[in-house]
Amino acid sequence: MEIKQIKELMAAMGRTCMKRLSLKDQNGFEIVLEREEHGVCKPQDLRDDYSQEARSDFALRRANPAYSYQGHEIPTSLAPPVLPAETPSGVYVTSPMVGTYYSSPSPDDPHFVKVGDKIDKNSVIGIVEAMKVMNEVKAGVNGVVAEVLAESGHPVEFGTKLLRVTPL
């Protein structure tokens, strides 16, 4: 197994909140990956993470009764399912920077927005703390909050989806 494949397994474990993964092959190769869970884990939607190549690979597994990986036959029943490319409607408000996202000014205050709230493009939807500076994040779109995607107090990167908004 190549280091790239191991890194992909580690990333998938993080996205799916998996805590332990053990793999063995017929040649005696064995790997066990474990991770500690800090806080609440929220699995991400994996449909967007699979590349077109991976989707084709999964389709090939379903089409053939057995799939070969590095010369080893793998039964179709062990192949991951092909997930439909269904995307919820709406516009995503994303993080403009790397930092820690907060959904309210302080832990005792109410959230800036919640599902069902009407917002305009100048509405503050959260704060991203970067280098001890609190930066207000504005919606940038008019609409109704359909889904809150980011958890308060968790790290975000540039482009992390914070909210899904249904435009008015």
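What you see is a predicted model; the values in this text were computed from it and never measured. (Residues numbered from 1 in each chain as written. Predicted model: local features only at pLDDT ≥ 70, side-chain atom pairs only at ≥ 80, totals over all residues. Heavy atoms only, no water.)

Caption draft 1: Representation of the overall build of the chain. A count of helices and strands for the chain gives two helices and twelve strands. In sequence order, the chain lays out its α and β elements as α-β-β-α-β-β-β-β-β-β-β-β-β-β. Split into buried and exposed, the 168 residues of the chain put 23% on the buried side. In the chain, 52% of the contacts between residues at least 6 apart in sequence involve partners at least 24 apart. Within the structure as shown, the chain displays about 11,500 Å² of accessible surface, and the carbon and sulfur contribution to it stands at 54%. (Helix = DSSP H or I, 4+ residues; strand = E, 2+ residues; numbered from the N terminus. Buried < 20%, exposed > 50% of the residue type's maximum accessible area, 1.4 Å probe, protein only. Contact = heavy atoms within 4.5 Å. Areas by Shrake-Rupley, 256 points an atom, 1.4 Å probe, with all protein chains shown as cover.)

Caption draft 2: Structural view of the sheet that holds strand β7 (residues 118-119). One open sheet holds the four strands; their spatial order is β5-β12-β10-β7, and the pairing between them is antiparallel. A strand with exactly one partner marks an edge of an open sheet, and here the two such strands are β5 (91-94) and β7. Relative to strand β10 (residues 143-148), β7 runs antiparallel, the two being bridged by two bridges. Within β10, the position partnered with K118 by the bridge is V144. (Pairing = 2+ DSSP bridges.)

Caption draft 3: Geometry of the pattern of salt bridges. By the definition in use, this model includes two salt bridges. The shortest N-O distance in the salt bridge between D117 and K114 comes to 3.3 Å. The partner of E147 in a salt bridge is R164, with the nearest N and O atoms 3.1 Å apart. Separated by 17 residues along the polypeptide, E147 in strand β10 and R164 in strand β12 (residues 161-167) bring together distant segments of the chain. (Salt bridge = Lys/Arg side-chain N within 4 Å of Asp/Glu carboxyl O.)

Caption draft 4: Structural view of the pairing of strand β6 (residues 99-102). The pairing of β6 with strand β11 (residues 155-156) spans two bridges and is classified as antiparallel. Looking at β11, one finds that T100 is bridged to P155. Judged from the three bridges that link them, β6 and strand β8 (residues 124-130) form a sheet pairing that is antiparallel. Residue T100 lies in a different strand from β8, and its bridge partner there is E129.

Caption draft 5: The arrangement of the sheet that holds strand β9 (residues 133-138) in detail. Strand order in the open sheet formed by four strands is β9-β8-β6-β11, and the pairing between neighbours is antiparallel. Strands at the two margins of the open sheet, each flanked by one partner only, are β9 and β11.

Caption draft 6: Examining the nonpolar core more closely. Membership of the largest hydrophobic core comes to 15 residues, with the highest contact counts inside it found for I119, I125, L162 and L163. Elements that contribute at least two residues to this core include exactly β8 and β12. With three residues, β12 is the largest single contributor of residues to this core. When neighbours within four sequence positions are excluded, I125 is seen to be in contact with V93, Y101, F112, V113, I119, V137, K138, A139, L162 and L163. In terms of nonpolar packing, the next biggest core, distinct from the first, is built from five residues, I6, M13, I31 and L33 among them. (Core = buried A, V, L, I, M, F, W, Y, C linked by side-chain atoms within 4.5 Å.)

Caption draft 7: Representation of the confidence of the model for the chain within the structure. Taken as a whole, the chain shows an average pLDDT of 76; of its residues, 68% reach a score of 70 or greater. This model gives residues 60-69 a pLDDT under 50, and the stretch forms 21 contacts once residues within four places in sequence are excluded. (pLDDT = per-residue confidence, 0-100.)

Caption draft 8: Spatial organisation of the environment of Y92. Topologically, Y92 is positioned in strand β5. Residue class for Y92 comes out partly exposed when judged on its relative accessible area of 26%. Note: C-alpha distance between Y92 and T166 (74 residues apart in sequence) is 8.8 Å. Look past the residues within four positions of Y92 in its chain and what remains in contact with it is L149, K161, L163 and R164.

Caption draft 9: The arrangement of the side chain of S104 in detail. Position of S104 relative to the elements: it lies in the loop between β6 and β7. At a separation of 2.8 Å, a polar atom in the side chain of S104 contacts the main-chain carbonyl oxygen of S106. (Polar contact = N/O pair within 3.5 Å; in protein donor to acceptor, adjacent residues only side chain to side chain.)

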